[in-house]
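The residues making up each chain are set out below.
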Amino acid sequence: MQILIAEDTLRQRVAALPQEISSDHPNGVHLVCVLKGAFVFLADLIRTMTCEVTLDFMAVSSYGPSTRSSGQVRVLKDLDSGLEGRPVVIVEDIVDTGLTLAYLQEILRARGPRSLKTACLVSKPSRRQTNVAVDYVGFTIDDLFVVGYGLDSGERHRNLPHLAIVTDSSRAASPTP
């Protein structure tokens, strides 16, 4: 595998995002972590948040064993608490086609949050199949399949401290924060 985003670069950018989120939510925010991929990202985000933070977790799947989204979203674990009247930020590992995020945003908006925003570690706008709002973006990359820092391939490589390309390394491009 080829390293796309080194550990130091990753940590520096992730350390900047809590400032943006806290600034937008000075009275507190409820974070909804999308499992499993976003758990490492979430852990690092909350360590430096300056506003009050509450958490919940949701598990969805649109990939299964494939490296491409099936377009079919399944909720594997729903939230444990209500969202009504709360400022909510969805914490996602990666926004690719946008189909999973659009589905999540739709079902969470129906639960009556005061506001709903999204933070993602990695965004791939070239792959979008739907127009979906992403308010806080760690890195924008080309159409590459990446692992590490919570992102996986067949449940492997989540433990890598950097982001690495799984497929053809000649397709690598510089990420932009």
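Residues numbered from 1 in each chain as written. Predicted model: local features only at pLDDT ≥ 70, side-chain atom pairs only at ≥ 80, totals over all residues. Heavy atoms only, no water.

Caption draft 1: Summary view of the sheet that holds strand 1 (residues 2-5). As summarised here, the arrangement of the three strands in space is 1-9-8, forming an open sheet in which the pairing is antiparallel. Both outer strands of the open sheet, strand 1 and strand 8 (146-147), are each paired with one neighbouring strand and no more. (Pairing = 2+ DSSP bridges. Helix = DSSP H or I, 4+ residues; strand = E, 2+ residues; numbered from the N terminus.)

Caption draft 2: Main features of the environment of Leu83. Note on placement: Leu83 falls in the loop between strand 4 (74-77) and strand 5 (87-95). A relative accessible area of 1% places Leu83 in the buried class. The spacing of Leu83 and Arg114 is 31 residues in sequence and 8.2 Å in space, taken between C-alpha atoms. (Buried < 20%, exposed > 50% of the residue type's maximum accessible area, 1.4 Å probe, protein only.)

Caption draft 3: Highlighting the packing of helix 1 (residues 7-24) against helix 2 (residues 39-47). At their nearest, the axes of helix 1 and helix 2 sit 8 Å apart, and the two run at 60 degrees to each other. When the axes of helix 1 and helix 2 are compared, the pair comes out oblique. Of the two elements, helix 1 crosses helix 2, and the hand of that crossing is right-handed. In contact with Arg11, Val14, Leu17 and Pro18 of helix 1, helix 2 contributes Phe41, Asp44 and Leu45. Split by residue class, the contact of helix 1 with helix 2 holds five nonpolar, no polar and two charged. (Axes fitted to C-alpha atoms, helices over the stretch in contact; angles between N-to-C directions. Parallel < 35°, antiparallel > 145°, perpendicular 65-115°, else oblique. Left-handed = near helix turned anticlockwise from the far one by under 90°. Contact = heavy atoms within 4.5 Å. Nonpolar A, V, L, I, M, F, W, Y, C, P; charged D, E, K, R; others polar.)

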